[in-house]
Structure formats: structure tokens, C-alpha cells
Amino acid sequence: MVQETGTTGEENDRRKMEENMDYKSAGVDIEAGYQSVELLKKHVKETMRPEVLGGLGGFSGAFCLDKIKEMEHPVLLSGTDGVGTKIKLAFLLDKHDTVGIDCVAMCVNDVVCAGGEPLFFLDYIACGRNFPEKIAAIVGGVAEGCKQAGAALIGGETAEHPGLMPEEEYDLAGFAVGVVDQKDLITGEQIRPGDVLVGIASSGVHSNGFSLVRKVFEMTKESLDTYYEELGATLGETLLAPTRIYVRALRAVKDAGVTIKGCSHITGGGFYENIPRMLPEGVTAVVHKDSYPVPPIFELLRKTGGLEEKMMYNTYNMGLGMVLAVDAADARKTMEALQAAGEQAYLVGEVTSGKEGVVIQGS
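Residue positions within a chain follow its written sequence, with the count starting from 1. Local features in this predicted model are restricted to residues whose pLDDT is 70 or higher, and side-chain atom pairs enter the listing and the counts only when it is 80 or higher, whereas totals over whole chains, interfaces and linings include all residues. Excluding hydrogens and water, the side-chain figures rest on all heavy atoms present in the structure.

Trainee: In this structure, what is going on with the pattern of salt bridges? I would like to understand it.
Mentor: Two side chains with opposite charge may pair up if their charged atoms get near one another. Here, a salt bridge means any side-chain nitrogen of Lys or Arg that lies within 4 Å of a carboxyl oxygen of Asp or Glu. Applying the stated criterion across every chain yields a total of 19 salt bridges. For the salt bridge of Asp102 with Lys86, the shortest nitrogen-to-oxygen distance reads 3.0 Å. Here Asp102, found in helix H4 (residues 99–113), pairs with Lys86, found in the loop between strand S3 (74–82) and helix H3 (87–93); they are 16 residues apart in sequence, far enough to count as distant. For the pair shown, Asp102 and Lys86 are each scored as buried. Ionic pairing is found between Lys254 and Asp184, a salt bridge with its closest N-O pair at 3.5 Å. In this description a helix means any DSSP run of H or I spanning at least four residues, a strand means any run of E spanning at least two, and both kinds are numbered starting from the N terminus. A 1.4 Å probe rolled over the protein chains alone gives each residue an accessible area, and that area as a share of the maximum for its type sets the label: buried under 20%, exposed over 50%, partly exposed in between.

The following block contains the structure:
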């Protein structure tokens, strides 16, 4: 018997699929990428500085350094970070226009801690699928953060990862570059006993500790849409409030003639990890926890989760996004400069001799 050879129905289907195979069928929509770029161009243009050369769409961003020549010893500063699992709330609420502010804030606030001026920013979005309007909303938030920081958004990348990430999800990270004259670097080396600590209010939880937040609160749209009297808003609105950007605040203190001896951005690790990072050996930062109002979201978080107070101060900013160390003689001038810049500022403690790093006092 001669075995007949031919094409089965399954082979026909496979051959047809191979003939029609392209990048889009593999999960990457190039046309959607083009549409995203067109939608976000207007946001990017709003962040431009005179030093930016060329336009959007090149292989790299170009930034002229002529202005830096005016400095005696210019030092470049950089910061990179993401938004972390706070993004999960943006997915649940389908609200994507503020996480970009968070991303910028987490980077530029680290740059200004060293006394720097943020110059430019780049973002990276990895997504399961490119939905142009969603990408434009995300980048619109990035652009808003850049405007608040005075930094130019000179580049970015949106990468589709079909099969690696769910279609509706994305991750967001960024990178900031700044500059400071070496003589103006904030290093903490000159902090001495007798200096005072000035705290600048946060806008809420900011972008740290959300893995714990998501265990304490039920992560459903219904739960996040629940209104709380003590918050004056829904839980979701409160938790998604974007991280405050402190570039203008620290510039105002400098312009007032105050030397900031030390600066701590209160991020992951809270008070216990971040405040000691600005301290030289042999001194302790004493923070009086009753010296400023703690936003109600933190008490709701502590009470709902049954969390210990020390864990709260070791995880969250507890209402202070930045802590500055200044000479006691400059305390009033610092407070006035911050308040004139639109910030809520408080005298929250002092520096003493010791080896504890940070001590939190109060009932």
C-alpha cells in the first residue's frame, strides 16, 4: 500500500498563521507606539528648558552644558527610582495621571538632598500592551512632575512585553540628572550638636510601603472608593495622592541665604533608616513626634493593620517628606522661606551628641 502524502487541516492552519505572522500578531503594536508618541508630545514640550537641543524622537536626548561653565566646580548628580507597588492602585482605579509625578518625585527629591538642581529626566514604561491613551496619561503625569521640578523631559521609552506582563499592567521607572557647584554640596559633614531639625510636610504616604498598605486594606475598587470622614476623601484618592516634589522648597531656603547642613528624603525605611544617612559620626537626631500633625491616613493604617508604632516610623514618612538640619540661628529664616514657598514646615527636633542615629521622643 502506498501511503498518501498531503496537507492536514492542522497543517493548513499553521501554514496560514505563518503566512500572516507579523510583529502585531506577536503582541507588539508598532502603530499604537506611534500614536502614543503623538499624544504625549504636547506634554513633553511643556517641560522644555533652553538647554535642550533637538526635539522628541531622536535616539538620545541632547542637553547643552554651557550654563554649567559658570560654576567653579560643577558636580553632576543622578537619581533613579520607580513607583513600586503603588501602581497596583492605579490599575484598580484605572487612574494613571499621577503615578508619573511619583516617579519624578522619587528621583529629583534625592538629587535636591545633595543640593542639586535637576536638569533633565528620562522615563521607562514597560507594559503588557500599549494603550496609547493610557501611556499618554502616564507620561502626562511625568511631564507634570518635571514641570514642578524645573527639569526637562528629554527622553523615554515605552516597551511592550506581551507574554511577560498582563495586557492591562505596566511598570514605570525614571532617571534624573542634576548639577551642583561643589561648594554647595549638602553632605551632612558640618552638622553639629545644637543644630535644629526642620520637617517639611508630605502629601501623604508618597510612594513607599505600599506592599504593607496592600495587605492592611482590601485591594478592591469598592474598598478604595470608600469615603472616610477622617480622611475627607476616599481611601483610593488619599493613597494615590502624588509624592510631593521639594525642589522649589529647597531652592527657596538657599535663596534666603541659609546653609542647609543636612537633608534627608524620608522614603522607604522611614525615619530610622533615612535620617541617619545625613548625619556624621558622634551625633544623634532627636525628633519630637508631637511637634507636627501626623496625617490621619497613618493612624487609619496603624489602627486597621494593628501595626506597632515603631514599625510605622520605620516604614513610612509619617507626614514629613523631608527633614533638614540647619544652624539654630537660621531656624526662623528657614521656616519663613519654606512657608513663603507654599510648604508646611515645622521645627521637629534637634541634634545632640550621641551614637543612636535617630531617637523619636514624645507620648
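Trainee: I tried to follow the side chain of Thr267 on my own but got confused; where do I start?
Mentor: Structurally, Thr267 is set in the loop between strand S10 (262–265) and helix H10 (270–274). Pairs of residues are marked as contacts when any of their non-hydrogen atoms sit within 4.5 Å. With sequence-adjacent residues up to four places away left out, Thr267 is seen in contact with Met106, Asn208, Asn274 and Thr315.

Trainee: What's the story with the packing of aromatic side chains in this structure? I'm lost.
Mentor: The description of an aromatic ring pair rests on the distance of the ring centres and on the angle between the ring planes. Centres within 6.5 Å are what make two rings of Phe, Tyr or Trp a pair, Trp counting through its six-membered ring; a difference in plane orientation under 30 degrees is then read as stacked, over 60 as edge-to-face, and the rest as tilted. Going through the model one piece at a time under the given rule, you end up with 5 aromatic pairs. For the ring pair Phe271 and Tyr313, a centre distance of 5.2 Å and an interplane angle of 90° mean the geometry is edge-to-face. You can see Phe271 sitting in helix H10 and its partner Tyr313 sitting in helix H12 (residues 309–313), a full 42 residues away along the chain. Residue classification places Phe271 among the buried positions, given a relative accessible area of 0%. Measuring from centroid to centroid gives 6.2 Å for Phe298 and Tyr316, while their planes differ by 55°, and the two rings are tilted. Of this pair, Phe298 sits in helix H11 (residues 296–305) while Tyr316 sits in the loop between H12 and strand S12 (320–326), and the two are 18 residues apart along the sequence. Looking at Phe298, the relative accessible area reads 1%, which means it is buried. Since its relative accessible area comes to 1%, Tyr316 is described here as buried. We note Lys310 situated over the ring of Tyr272; from NZ or CZ to the ring centre the distance is 5.3 Å. Put simply, a charge is over a ring when the Lys NZ or the Arg CZ is close to the ring centre, within 6 Å, and near the line of the ring normal, within 35 degrees.

Trainee: Sorry if this is basic, but what is going on with the sheet that holds strand S13 (residues 345–353) here?
Mentor: Sheet strands pair via backbone hydrogen bonds, and the direction of the pair is either parallel or antiparallel. The sheet built from 6 strands is open, its strands ordered S10-S12-S7-S13-S11-S14 with mixed pairing. The open sheet is flanked by S10 and strand S14 (358–361), the only strands paired with a single partner. Across the sheet, the mean angle separating the axes of adjacent strands is 25° when strand polarity is ignored. The axes are straight lines fitted to the C-alpha atoms, using for helices just the contacting stretch, and the angles between their N-to-C directions are given from 0 to 180°. Lying over the sheet, helix H13 (residues 331–340) contacts strand S7 (196–201), S12 and S13, oriented at roughly 150° with respect to S13. Two strands qualify as a pair provided DSSP detects at least 2 bridges between them.

Trainee: Explain the sheet that holds S3 to me, please; I cannot follow it from the model alone.
Mentor: On the basis of which strands lie adjacent, the open sheet formed by 4 strands has the order S3-S6-S4-S5 and mixed pairing. Both edges of this open sheet fall to S3 and strand S5 (152–160), since each of them pairs with a single strand only. If you compare each strand with its neighbour and ignore which way they point, the axes differ by 15° on average. Where strand S4 (residues 117–127) lies against S5, 8 bridges are found, and the strand directions are parallel. Its bridge partner being in S5, Asp123 is matched across the sheet by Gly156.

Trainee: I keep staring at unusual backbone geometry and nothing clicks. Help me out?
Mentor: The phi angle at His206 is positive, at roughly 60°, despite the residue not being glycine. As for its position among the elements, His206 is in the loop between S7 and helix H6 (210–216). Overall, His206 belongs to the buried group, its relative accessible area being 1%. A positive phi angle is found at Met318, which is not glycine, with a value near 55°. Relative to the helices and strands, Met318 is located in the loop between H12 and S12. Using a relative accessible area of 6% as the deciding quantity, one classes Met318 as buried.

Trainee: Explain the pairing of S4 to me, please; I cannot follow it from the model alone.
Mentor: Consecutive side chains of a regular strand alternate in pointing toward one face of the sheet and then the other. Extensive coverage of S4 is indicated by the burial of 8 of its 11 residues. Here S4 pairs with strand S6 (residues 170–181) via 10 bridges, running antiparallel. If you follow Asp123 over to S6, its bridge partner there is Gly174. Looking down the strands as they point away from the viewer, one classifies a crossover as right-handed if the path from the first strand across the helix to the second runs clockwise. In this fold, S4 hands off to helix H5 (residues 132–149), which returns the chain to S5; that crossover is right-handed.

Trainee: Looking at this structure, how should I read H13?
Mentor: What sets the pattern is the α-helix's 3.6 residues per turn: residues three or four places apart point alike. Every buried residue of H13 is accounted for by Ala331, Thr334, Met335, Ala337 and Leu338. Buried positions in H13, seen along its axis, are confined to an arc of 165° and lie on one side of it. For H13, the exposed residues set more than 90 degrees away from the buried face come down to Arg332 and Ala340. Against the buried residues of H13 lie S7, helix H9 (247–255), S12 and S13. Just downstream of H13, Gly342 is the residue with a positive phi angle, here 90°. Directions from the helix axis toward the C-beta atoms define the arc.

Trainee: Quick question: what am I supposed to make of the packing of H9 against H13 here?
Mentor: Axis angle and axis distance: for two packed helices, these are the angle between their axes and the distance between the axes, and together they describe the pair. It is the contact of H9 with H13, at a shortest axis distance of 8 Å, that shows an interaxial angle of 135°. As judged from the angle between their axes, H9 and H13 are oblique. In terms of crossing hand, the pair formed by H9 and H13 is right-handed. Residue-level contacts link Ala249, Ala252 and Val253 of H9 to Thr334, Ala337 and Leu338 of H13. For the contact of H9 with H13, a count of residues per class yields 5 nonpolar, 1 polar and no charged. By definition in this entry, angles of less than 35 degrees are roughly parallel, angles greater than 145 are roughly antiparallel, angles of 65 to 115 are roughly perpendicular, and the rest are oblique. We call a crossing left-handed when the near helix sits turned anticlockwise from the far one by less than a right angle, and right-handed when that turn is clockwise. For this classification, Asp, Glu, Lys and Arg are treated as charged, while Ala, Val, Leu, Ile, Met, Phe, Trp, Tyr, Cys and Pro are nonpolar and the rest, including Gly, are polar.

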